[in-house]
Structures are given as structure tokens and as C-alpha cells.
Amino acid sequence: MEQHKQDQSQHQEQALTNHHDEVSIMTWIFILILTAIPFINLIALLVMAFGAFNPNINNFGKAVLILMAIGIIIGILTAF
């Protein structure tokens, strides 16, 4: 009985430490508008990718920066 309570307590503690708040729709809309503004988007993406935010926002920032780098490389290669 005591072992069951201890296991349940550990499971609840792990659930709390692995829990991240859900990103709201308004936050995503703000992020998408912010990333549509030239030059500001690069600064915003760097802050999102490497700042202390929700992991979903961090991953979004990193993914968009990777896609931007790929696009720039492809653009340079096809221009010459």
C-alpha cells in the first residue's frame, strides 16, 4: 500500500514537471504577424528560438530559422 502511494506521488510529480502551458491562438496570431514584418522577423525568430519561452515557441523559432537558411542557400545557388 505504501509503495503504491509512493509510485503515485512520483508519477504526479513527473506529470507536473513535464507539463508546459498551451500556447493560445492569440499568441500564435501575434507570432505570425510579427514574423511577417521584414527585418523584425529575424530578430523576433532569434529571440523565440533561443529565449526562455514555451518549448513549442522555441521549436517554432528554430524551425523557421532553419527554413530561412535553406531558402537563402537555395536562392544563392540558383542565382549563379
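Look up a bit, the structure's there.
Remember, predicted model here, so these are calculated numbers, not experimental data. Each residue is numbered by its place in its chain's sequence as written, counting from 1. In view of the model being predicted, local features appear only for residues whose pLDDT reaches at least 70, and side-chain atom pairs are presented and counted only at 80 or more, with totals across whole chains, interfaces and linings using the full set of residues. To obtain the side-chain values, all non-hydrogen atoms of the structure were included, while hydrogens and water were left out.

### Describing the nonpolar core
It is characteristic of soluble globular proteins that their nonpolar side chains tend to be buried jointly.
Point 1. Grouping buried Ala, Val, Leu, Ile, Met, Phe, Trp, Tyr and Cys residues that are joined through side-chain atoms within 4.5 Å yields what is termed a nonpolar core. Buried means the residue's accessible area, taken with a 1.4 Å probe over protein chains only, is under 20% of the maximum for its type, while exposed means over 50%, and partly exposed covers the values in between. Counting residues in hydrophobic clusters, the biggest one holds eight residues: Val23, Ile31, Ala44, Leu45, Met48, Ala49, Ile57 and Leu65.
Point 2. A run of H or I in DSSP becomes a helix once it reaches four residues, and a run of E becomes a strand once it reaches two; helices and strands are each numbered from the N terminus. For this core, the element with the highest residue contribution is helix H3 (residues 40–50), accounting for four residues.
Point 3. Beyond its immediate sequence surroundings of up to four residues, Val23 is in contact with Trp28, Asn54, Asn56 and Ile57. In what follows, residue pairs with any heavy atoms lying within 4.5 Å of each other are defined as contacts.

### Structural notes on the side chain of Thr35
Point 1. Here Thr35 lies in helix H2 (residues 25–35).
Point 2. Pairs of N or O atoms are called polar contacts if they sit within 3.5 Å, as long as, within protein, a hydrogen donor faces a hydrogen acceptor (for residues adjacent in sequence, only side-chain-to-side-chain pairs). Among the polar contacts listed, one links the side chain of Thr35 to the backbone oxygen of Leu32, at a separation of 3.0 Å.
Point 3. Not counting residues up to four positions away in its chain, the partners in contact with Thr35 are Asn41, Leu45 and Met48.

### Quick word on the packing of H3 against helix H4 (residues 55–79)
Point 1. Here an angle of 0 to 180 degrees is reported between the N-to-C directions of two axes, which are lines fitted to C-alpha atoms, with helices fitted over the stretch in contact. Two elements in contact, H3 and H4, have axes separated by 7 Å at closest approach and are oriented at 130 degrees. For the element pair H3 / H4, the angle class is oblique. For H3 against H4, the interelement crossing comes out left-handed. The segment H3 lies against H4, with Leu42, Leu45, Leu46, Met48, Ala49 and Phe50 engaging Ile57, Asn58, Phe60, Gly61, Lys62, Val64, Leu65 and Met68.
Point 2. Residue classes follow a fixed rule: Ala, Val, Leu, Ile, Met, Phe, Trp, Tyr, Cys and Pro count as nonpolar, while Asp, Glu, Lys and Arg count as charged, and any other residue, Gly among them, counts as polar. Taken together, the residues of the contact of H3 with H4 break down into eleven nonpolar, two polar and one charged. The labels follow the angle: roughly parallel below 35 degrees, roughly antiparallel above 145, roughly perpendicular from 65 to 115, and oblique for the rest. Helix crossings are classified by the rotation of the near helix relative to the far one: an anticlockwise turn of less than a right angle makes the crossing left-handed, while a clockwise turn makes it right-handed.

### Re a nonpolar patch on the surface
Point 1. Grouping into patches uses exposed residues only, defined as over 30% relative accessible area, and leaves out salt-bridged ones; the cut-off is 9 Å for like charges and 5 Å for nonpolar side chains (Val, Leu, Ile, Met, Phe, Trp, Tyr). To measure how exposed things are, a 1.4 Å probe is used in the Shrake-Rupley method; for residues, cover is taken only from the protein chains shown. A carboxyl oxygen of Asp or Glu within 4 Å of a side-chain nitrogen of Lys or Arg is what we treat as a salt bridge. A contiguous nonpolar patch, built from Ile25, Met26, Ile29, Ile33, Ile37 and Ile40 and spanning about 590 Å² of accessible area, is present on the exposed surface.
Point 2. Looking at the element boundaries, Ile37 is found in the loop between H2 and H3.
Point 3. Residue classification places Ile37 among the partly exposed residues on the basis of a relative accessible area of 34%.

### Points about the packing of H2 against H4
Point 1. Axis separation between H2 and H4 bottoms out at 13 Å; the angle between their running directions is 20 degrees. Relative to H4, the element H2 is oriented roughly parallel. Judged by the twist between their axes, the crossing of H2 over H4 is right-handed. Every residue of H4 that contacts H2 at Thr27, Trp28, Ile31 and Leu32 is listed here: Asn56, Ile57 and Phe60.

### A look at the side chain of Asn58
Point 1. If you trace the backbone, Asn58 turns up in helix H4.
Point 2. Setting aside residues up to four positions removed in sequence, Asn58 forms contacts with Met48, Ala49, Phe50, Gly51 and Phe53.

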